[in-house]
Amino acid sequence: MAEYETFEYDVLVIGAGGAGLRAAIEASAAGVKVGLVCKSLLGKAHTVMAEGGLAAALANVDDRDNWRVHFSDTMRGGQYVNNWRMAELHAREAPARVRELEAWGAVFDRTPDGKILQRNFGGHRYPRLAHVGDRTGLELIRTLQDHGIHQGIAVHMEHTIVSLLKDGERVVGAFGYDRERGRFKTFHARAVVLATGGVGRAYKITSNSWEYTGDGQSLAYHAGAELMDMEFVQFHPTGMIWPPSVMGILVTEAVRGEGGVLRNKDGKRFMFDDIPDNYKSQTSTDPEEGWRYTQGDKDARRPPELLTRDHVARCINREVKAGRGSPHGGVFLDIAWIKEKISNAPEHIKKKLPSMYHQFKQLADLDITREPMEIGPTTHYIMGGIRVDGDTQMSTVPGLFAAGEVAAGLHGANRLGGNSLSDLIVFGKRAGEFAAKFAKAHSAGNFYENQIDAMARQALEPFDRGAKSGGSAEGPYQVQHDLQEMMQSLVGIVRREEEMVRALDGIRKLSERAAQVAAHGHREYNPGWNTALDLKNLLTVSEAITRSAIERKESRGGHFRDDFPGKDTTFGGVNIVVQKGVDGSMQVRREPVPEMPAELKQVVEEMK
Amino acid sequence: MKTAMFKIWRGDATGGKFADYTTEITEGMVVLDAVHQIQATQANDLACRWNCKAGKCGSCSAEINGLPKLMCMTRMNTLPLDKPITLEPMRAFPNIRDLATDVSWNFRVKKKIRPFSPRPPDAPDGTWRMQQADVDRVQEFRKCIECFLCQDVCHVLREHHKHEDFIGPRFLVYTAALEMHPLDTEDRVAELKQAHGIGFCNITKCCTTVCPENITITDNAIIPLKERVVDEFFDPLGWLWKKLRPKT
């Protein structure tokens, strides 16, 4: 019999980034008992890395903005495979959620008339991103944290969840351990909200931290929930590439929003060479007009550097492959050039992009006010995830909710910058609200001792193998490393059927190795053991990404197929869904995208 | 290939000792990279906290050659490699294991500080108006990434263990951000003097020196708060005025 401590909650939230905190606050406000579990210390989640801002049609800077424009921008960016209901709710509710942050103490940058300032970002027609310099994510998470700690939420920091508990079809809690001591914990709950973020650690070059191992997607999948759109992984066009140790660290899109330009080694602004048809009317072909756009000229059109991320990443890839890249295999991102335009450029850059200035100065010995940066694409975000109901955020498993990056739908095939932070608060709130409702309407389910015994036994297997093998068994790090290398080269920015089939074979072999890895020492704060347990999640999401990517035989948004380089209208009407089959194998199928109501269709038409 | 020698603290709450490691150094590497390399190849169970690896989350605080720093922002080429580099956990807090410390005290302290409470909205749509110039100072304080290096270096906590009587520089900055927030209506001055022990700070500015976000903790946050305490409690004319003014 496994030894474990049990906690009873109405709503259990797993993950304490923006979405998890917002969900916990909302559930608590509904008067139910809330537990919040997170892998790191409170306030350290990956949300802190978000830089550019929160997209919300506040219309503080350009009064032509409203939810209809935001909705149609999001749909266009997502290439119309988005869950239109989520895109609608997101565009309608984001402004209220942002104002609420101000009421909770957030201090956004201001317009001259004292309102929340908004900045330009890729794919957004008007300046729409509420921001604080380039550290908006920190402001968001700290505001929610500082408000949340006074709402009676029980917080379990540095805990890992290894499995969800089920009673029949329903999810009734979760089982895990505290990382500090390695003691097992059972969280019994009437409803569970997953807010665990993304999967970036499945790739070698990523802007994501160690936490991003696809836990939520994997937990939900193994509990029977459907995952959707997993082929849509966003490679952010601008990650640091030099020196090697910082490869992948994010360089915010705000650099381009403030006038930064992309150049190849010949000094050419190559983004002018390839402007997609559906953006031609809103994109400038004149560098001067582009500059005026970044400086707030309402009559100017955006420069091509601010096209959507999927497109910019592919253009960079093309330049590098054609031999026009920078010395370390990327291209140049130049903000220093604006000194030709404004007199106090260095101070202006430091004020607008303080943490970028800091990051390059300290990590790369480079002064961005004087020299261009070298950048290249980095794995940044997954648009796909747990399939949820647009209104309630409930997954296909009763009692299991999901919000934020771990959920699918809002972003379709490609996410616009700034739409992630707003996603967290809009759907974090909804998930908390409806999880609380669900908890009030349902009794506490049962869970079974033998279920827990099996989970505990499984979790401890790496130690058994370590003890049996002495020092000879493989550790988890090499397996993780090999998976990252493989996903990067075979299921990365440019994909091909035969390579992905090889990747599936690779995942099968890596799974066999993962089942044999050993951990040494004891359970207290043991990163080797923790990594061994993370492998299952990484392998599950890698398989889901690969299988979905094979199924979508076209190129759309973040998913680019060398063997099917064009868009295909058949696939424009479907989402790819994966689910665990009765035999335990991963099943893939196509699901038609639900028909958009006439009212929303009209909005899309009007905004074309 | 260049190599570096490390002496890394291995232990827990009951004690421990330094262990020696040697690892290869490549261009641009930071201390956290070296720790990860050692963790992956020589000591799978070496405990350390980290998240963003870009100086934004404040998780990887440690004492590098005796100085409190973020491991992710300390480049190897800024350290002398001719002798071993010592790596220790933050010493002002109890050790959990190896480089990870028990910082839970900080979370308890924050909870005791009166939360933000805004004035009624300025506009009918429920929003407020604030000028950029009026929020610049608060934004400086809100850059804090809660790495707790300032708490680690503060002698009131580190040497004198006044954790029960003094909230430390981090939470004085936090209080300053609330007190100077243009919308906030609370008054935390009495608590600063009593429960939060601002008087223990004798402005040695060690906290400001170690802040990785370059927040001018002492000059911009602590001293103005001390002045508010003085104005409220130690100003003889003010005291007289309060005694003599007609009661309303």
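Residues numbered from 1 in each chain as written. Chains lettered and ligands numbered in written order. Predicted model: local features only at pLDDT ≥ 70, side-chain atom pairs only at ≥ 80, totals over all residues.

### Topic: the overall build of chain A
Consideration 1: The helix and strand inventory of chain A stands at 17 helices and 18 strands.
Consideration 2: The C-alpha atoms of chain A give a radius of gyration of 23 Å, which matches the 25 Å a tight globule of 608 residues would have.
Consideration 3: The principal-axis extents of the C-alpha atoms in chain A amount to approximately 70 × 50 × 50 Å.
Consideration 4: Sequence separation of at least 24 residues holds for 74% of the intrachain contacts in chain A that already meet a minimum separation of 6. (Helix = DSSP H or I, 4+ residues; strand = E, 2+ residues; numbered from the N terminus. Rg over C-alpha atoms; globule rule 2.2 N^0.38 Å. Contact = placed C-beta atoms within 7 Å.)

### Notes on the overall build of chain B
Consideration 1: Along chain B, the regular secondary structure elements total 10 helices and seven strands.
Consideration 2: Expressed along its principal axes, the backbone C-alpha trace of chain B runs to roughly 80 × 45 × 25 Å.
Consideration 3: Buried positions account for 43% of the 248 residues belonging to chain B.
Consideration 4: Sequence-distant contacts in chain B: of pairs separated by 6 or more residues, those separated by 24 or more amount to 62%. (Buried ≥ 20, exposed ≤ 12 C-beta atoms within 10 Å, placed from the backbone.)

### Details of the interface of chain B and chain A
Consideration 1: Between chain B and chain A, the contact holds 47 residues from the first and 47 residues from the second.
Consideration 2: For the side of chain B that touches chain A, the elements supplying multiple residues, two or more each, are helix H1 (31-41), strand E6 (95-97), helix H2 (104-112) and helix H3 (132-141) of chain B.
Consideration 3: Looking at which element gives the most residues to the side of chain B that touches chain A, the answer is H3 of chain B, with four residues.
Consideration 4: Partitioned by chemical class, the residues of the side of chain B that touches chain A number 22 nonpolar, 13 polar and 12 charged. (Nonpolar A, V, L, I, M, F, W, Y, C, P; charged D, E, K, R; others polar.)

### Some details on the domain arrangement of chain B
Many descriptions give the size of an interface as the accessible area lost when the pieces come together.
Residue and element names in this part refer to chain B.
Consideration 1: Partitioning chain B into domains gives domain 1 (2-94) and domain 2 (104-237).
Consideration 2: Here the C-alpha centroids of domain 1 and domain 2 sit 30 Å apart.
Consideration 3: The partner domain 2 presents 13 residues to the 12 residues of domain 1 that form the contact.
Consideration 4: Its residues assigned to classes, the side of domain 1 that touches domain 2 shows seven nonpolar, three polar and two charged. (Domains from an automatic or database assignment.)

### Notes on the domain arrangement of chain A
Residue and element names in this part refer to chain A.
Consideration 1: The domain architecture assigned to chain A consists of domain 1 (238-379) and domain 2 (454-572).
Consideration 2: Taken over C-alpha atoms, the centre of domain 1 sits 32 Å from the centre of domain 2.
Consideration 3: On the side of domain 2, five residues touch domain 1, which itself brings five residues to the contact.
Consideration 4: With four residues, the top contributor of residues to the side of domain 1 that touches domain 2 is helix H8 (residues 309-321).

### With respect to the sheet that holds strand E5 (residues 129-130) of chain A
All names here are of chain A.
Consideration 1: As summarised here, the arrangement of the three strands in space is E3-E5-E4, forming an open sheet in which the pairing is antiparallel. Each of the sheet's edge strands pairs with one partner strand only, and the pair in question is strand E3 (54-55) and strand E4 (118-119).
Consideration 2: One ladder, built from two bridges, connects E4 with E5; its direction is antiparallel. Of the residues in E5, the one forming a bridge with Arg-119 is Leu-129. (Pairing = 2+ DSSP bridges.)

### As for the pairing of strand E13 (residues 331-334) of chain A
Residue and element names in this part refer to chain A.
Consideration 1: Of the two faces of E13, only the one carrying Val-331 and Leu-333 is buried; Phe-332 and Asp-334 on the other face are not.
Consideration 2: Sheet topology note: the strand E12 (residues 261-263)/E13 ladder contains three bridges and is antiparallel. When the sheet's bridge partners are listed, Val-261 is paired in E13 with Asp-334.

### Considering the packing of helix H14 (residues 497-514) of chain A against helix H15 (residues 527-551) of chain A
Residues and elements named next belong to chain A.
Consideration 1: Interaxial distance between H14 and H15 falls to 10 Å at its minimum, and their mutual angle equals 160 degrees. Viewed along their axes, H14 and H15 adopt a mutual orientation that is roughly antiparallel. When you trace H14 past H15, the crossing you get is left-handed. Residues Glu-497, Met-500, Ala-503, Leu-504, Ile-507, Leu-510, Ser-511 and Ala-514 of H14 pack against Leu-535, Lys-536, Leu-539, Ser-542, Glu-543, Thr-546, Ala-549 and Ile-550 of H15.
Consideration 2: Tallied by class, the residues present in the contact of H14 with H15 amount to 10 nonpolar, three polar and three charged. (Axes fitted to C-alpha atoms, helices over the stretch in contact; angles between N-to-C directions. Parallel < 35°, antiparallel > 145°, perpendicular 65-115°, else oblique. Left-handed = near helix turned anticlockwise from the far one by under 90°.)

### Quick word on the confidence of the model for chain B
Consideration 1: Per-chain confidence: chain B averages 95 in pLDDT, with 100% of residues scoring 70 or above.
Consideration 2: Scored as a whole, the predicted complex attains pTM 0.95, and scored at its interfaces, ipTM 0.95. (pLDDT = per-residue confidence, 0-100.)

### Notes on helix H5 (residues 215-222) of chain A
Consideration 1: Counting buried positions along H5 of chain A yields seven of eight residues, so the element is predominantly enclosed.
Consideration 2: Two residues or fewer past H5 of chain A, Gly-224 of chain A is found with a positive phi of approximately 100 degrees.

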